[in-house]
Each structure stands twice: as C-alpha cells, then as structure tokens.
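# Structure at a glance
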Amino acid sequence: MIRLVRGNTMNQPVRKVRALGLCSGGLDSILSALVLRRQGIDVSWTTFETPFFSSTKARNASALTGIPLKVEKITEIYLNMLQNPPCGYGKYMNPCMDCHALMFRLAGQRMASEGFDFLFSGEVLGQRPMSQTKNSLRYVEKHSGFDGYILRPLSAKKLPETIPEKQGLVNRDRLLGISGRSRKEQMALAEEFDIRDYPAPAGGCLLTDKGFSHRLKDLFEHQETYSEADLHLLRYGRHLRLSPVTKIIVGRTQKDNKQIVGYYDINVDTIIKTKMYAGPTVLVPGGGEKAFIPKAARICAGYTKAPVDRKVTVVVVSPESRETFSVRPLQPSEIQDFLI
Ligand code: SF4
C-alpha cells in the first residue's frame, strides 16, 4: 500500500503529496509555492494565456524556482465567460472573480486527471479591494467546482481549514496568516527564500486597462464573432469607428505599424498606405464598407506631414483589388469623434 507523506523520510513506498498551483508569476505566486515546497510537498504550476494576459511572468517564475509549469491557451473558453461574467466586471472589462473561478475550474480538471491532491494560489486576503475579500475568495471557490480543495498558503491561517489540511496532507501550522495590502511580510519571506529577482506586483492584464477596455467593449458591441487577431490588434494604434461595420486601426508608431501588418489577413482585411509622404499603416479589419474607404484613406493621409492643402497619394489593398487614390488629408482634429 502506498502511504501519502509530505516528505520522503520513511523507508517504505511513499507517494509525495502533490499540489497544483495557479501561477501569475508575481512574488505571491512564487512564495505560496515555496511555502508548500518547504513542507516537502511536490508543487507544480499551471498558467493560462489569452490575448489579454501572457504567460511570460509565469515562465520566468518557473525558471527562477525550478517549479514545473504547464501553459494552456484558453482564449475560446475565456471569451465565453468574458462576454457575460455572472459576477460582472471590475473597474474596466476585468471580470476578476469569474476569471479566477474559471482558472481554478480548469486547474481543478487538471488536478483530477493528473492525480494532484489539491490546488493553491498566491492570493492574499484583503490585498485587492474587490477580488480578494473573504466573500470573493469564497465565491471563487464555490464556482470553481472544487470547493474545499483550494489552499491559499499565504493567508491560510485567516481562512477556513481546507480539505487537504483536514486530511493532514498539509501542516497548517507551517502556513501563513498574511492579510492586507502591505507587502512587508512578503518581502521578508522573499529574503528568507533568497528570492531577489521578482516582478513588481499587479499589471500585465489588459482587461484592467482603460483604453483597451473601451476598444474591447466596442468590439463586443459591433461584432458577433471575432478572431484572435481582432483581439490582439486592440493593443496597437488608434482605433476609429467610422460606421457600425467599419472600424479602422491607425498605427501610431513604427512598432504599431509592424504589429498591424503582422496581424493583417490578406484574405479578409483592407490595408492602406501612403505614397511619397511617410505615414501610418491603416488597417480596416474585415474590409469594412466600401463607402467608408475614401474616408479611411483621408484619415491615413491626415497623419502624414503633408501640407493641409496638398493632396496625398494612398494605396488601398483589399482582397479583391489594389487601388490608388489622391485624397485631401483629414486632419486629426477633424476625426476626434470617431476615436474609440
Ligand atoms: S486582473 Fe485580469 S487576469 Fe487577473 S483576475 Fe482580473 S481579469 Fe483575471
């Protein structure tokens, strides 16, 4: 018979307790895993990728600590939740409570299929005003489908005992009781673990960004379906809505122009570039309505250094044709109302 132990100290067949954590890559994620590992628990991480947040920080945390990490792309299932989160949005388009519930649900499925004993995360009670209150943590747990199996090692002593603690798989005495917004205790713990190189807290989720959230809301309001490219493009350039079905994206910088070209689909989109004068790359996702292409061309010309009274040559490439227009620039001050 296999005996479950936290550390392999007995001279008999044993299976280590295995815990699966959600990893954002921040200090709290790292510490929560190290607190468990210090007890002899075998820890692994899971992290998720969508066009709204990446796995970069989690990958760095895995490299720093040696804790194995599995990265899963979850755009489709995430979008289903994001369009109608039962608990609503935070300040912008961030559905933090339902986002966490979904992440724990997915991690829980992995826990069940890969034989982990419980789930954990670096959440700290009271650190974030909305998503880390006792009620919020409870909501997440209930809606994840893994009630009782989610341990928050950094705040465990301030939270109800979880099933793995009751089962003796985790020593509650060696968990922590951190709460609140101060990071002092985490910094001290980081020193104890000799963790010096960690990212600053917060940041990294585009759903908490005001401008990005406006554009996403606009997309949801005007399109029934969208591609991953549509979502990635929300990060770059100026977005202008010319009609309910025509939106244009105007590169602001060389980097924007490069990204816009990178996500340009020649089979669907229309792209506009100036000739003679250096100007932005303008993308019309999905091609838009033909009637609005001249206006898009004039907006493109308006972001060049051409004199206001000088006509500018622009090239418009759509899936069906390549046309050259000579247009009078529309000045940026004339298009403020179209900005999303
Ligand atoms: S900030 Fe973004 S990734 Fe984090 S819980 Fe909220 S919605 Fe999810």
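Residues numbered from 1 in each chain as written. Predicted model: local features only at pLDDT ≥ 70, side-chain atom pairs only at ≥ 80, totals over all residues. Heavy atoms only, no water.

### Points about the packing of helix α1 (residues 27–37) against helix α7 (residues 184–192)
- Following both chains from N to C, one finds α1 and α7 inclined at 55 degrees, their axes separated by 10 Å at the closest point. One finds that α1 runs oblique with respect to α7. In this structure, the crossing between α1 and α7 has a hand that is left-handed. Residues L27, D28, L31 and V35 of α1 form the contact with α7, whose participating residues are Q186, L189 and A190.
- When grouped by side-chain class, the residues that make up the contact of α1 with α7 number 5 nonpolar, 1 polar and 1 charged. (Axes fitted to C-alpha atoms, helices over the stretch in contact; angles between N-to-C directions. Helix = DSSP H or I, 4+ residues; strand = E, 2+ residues; numbered from the N terminus. Parallel < 35°, antiparallel > 145°, perpendicular 65-115°, else oblique. Left-handed = near helix turned anticlockwise from the far one by under 90°. Contact = heavy atoms within 4.5 Å. Nonpolar A, V, L, I, M, F, W, Y, C, P; charged D, E, K, R; others polar.)

### Regarding the pairing of strand β9 (residues 246–250)
- Along β9, 5 of the 5 residues are buried, which leaves the element largely enclosed by surrounding structure.
- Side chains T246, I248 and V250 of β9 all project onto a buried face; the interleaved residues K247 and I249 project onto the opposite face, where all are buried too.
- Examined bridge by bridge, strand β8 (residues 238–243) and β9 share 5 bridges and lie antiparallel to one another. Bridging from a neighbouring strand, R241 pairs with K247 of β9.
- In this antiparallel pair of consecutive strands, β8 and β9, the connection spans 2 residues.
- Bridging between β9 and strand β11 (residues 282–284) involves 2 bridges; their strand directions are antiparallel. Among the inter-strand pairings, I249 is bridged to a residue of β11, identified as L283. (Buried < 20%, exposed > 50% of the residue type's maximum accessible area, 1.4 Å probe, protein only. Pairing = 2+ DSSP bridges.)

### Quick notes on the site of the ligand
- The environment of the ligand is made up of F53, Y78, P95, C96, C99, H100, C205 and T208.
- Tallied by class, the residues present in the shell around the ligand amount to 6 nonpolar, 2 polar and no charged. (Near = heavy atom within 4 Å.)

### Details of helix α11 (residues 293–302)
- In terms of burial, α11 is a largely internal element, 7 of the 10 residues being buried.
- The complete set of buried residues in α11 reads I293, A296, A297, I299, C300, A301 and G302.
- Against the buried residues of α11 lie β8, β9, β10 (270–274), β11, β12 (312–317) and β13 (322–327).

### Brief notes about the pattern of salt bridges
- Tallying each qualifying case throughout the model produces 15 salt bridges.
- Among the ionic pairs, E123 bridges to R152, the shortest N-O distance being 2.9 Å. Taken together, the residues E123 in the loop between β6 (118–120) and α5 (134–144) and R152 in the loop between β7 (150–151) and α6 (163–166) connect sequence positions 29 residues apart.
- Residue classification places R152 among the buried residues on the basis of a relative accessible area of 3%.
- Among the charged side chains, a network of salt bridges with common partners joins E49, R59 and K73. (Salt bridge = Lys/Arg side-chain N within 4 Å of Asp/Glu carboxyl O.)

### Concerning the environment of I340
- Looking at where I340 falls in the secondary structure, it is placed in the segment after β13.
- When its relative accessible area of 27% is taken as the criterion, I340 is described as partly exposed.
- Expressed as a C-alpha distance, the spacing of I340 and R152, which sit 188 residues apart in the sequence, is 40 Å.
- Leave out the neighbours within four places in its chain, and I340 touches H214, R215, D218, H239, L240, R241 and K247.

### As for the environment of A278
- Turning to its location among the elements, A278 is positioned in the loop between β10 and β11.
- In this structure the C-alpha to C-alpha distance between A278 and A306, which are 28 residues apart in sequence, comes to 8.9 Å.
- Residues in contact with A278, not counting those within four places in the same chain, are T304 and K305.

### Quick notes on the packing of helix α4 (residues 96–114) against α5
- Contact pair α4 / α5: the axes reach a minimum separation of 8 Å and the direction vectors enclose 40 degrees. Classified by the interaxial angle, the pair formed by α4 and α5 is oblique. As α4 runs across α5, the sense of the crossing is right-handed. Every residue of α5 that contacts α4 at M97, D98, H100, A101, F104 and R105 is listed here: S136, Y139, V140, H143 and S144.
- For the contact of α4 with α5, the residue count by class is 5 nonpolar, 4 polar and 2 charged.

Nothing here speaks to function; it is geometry throughout.
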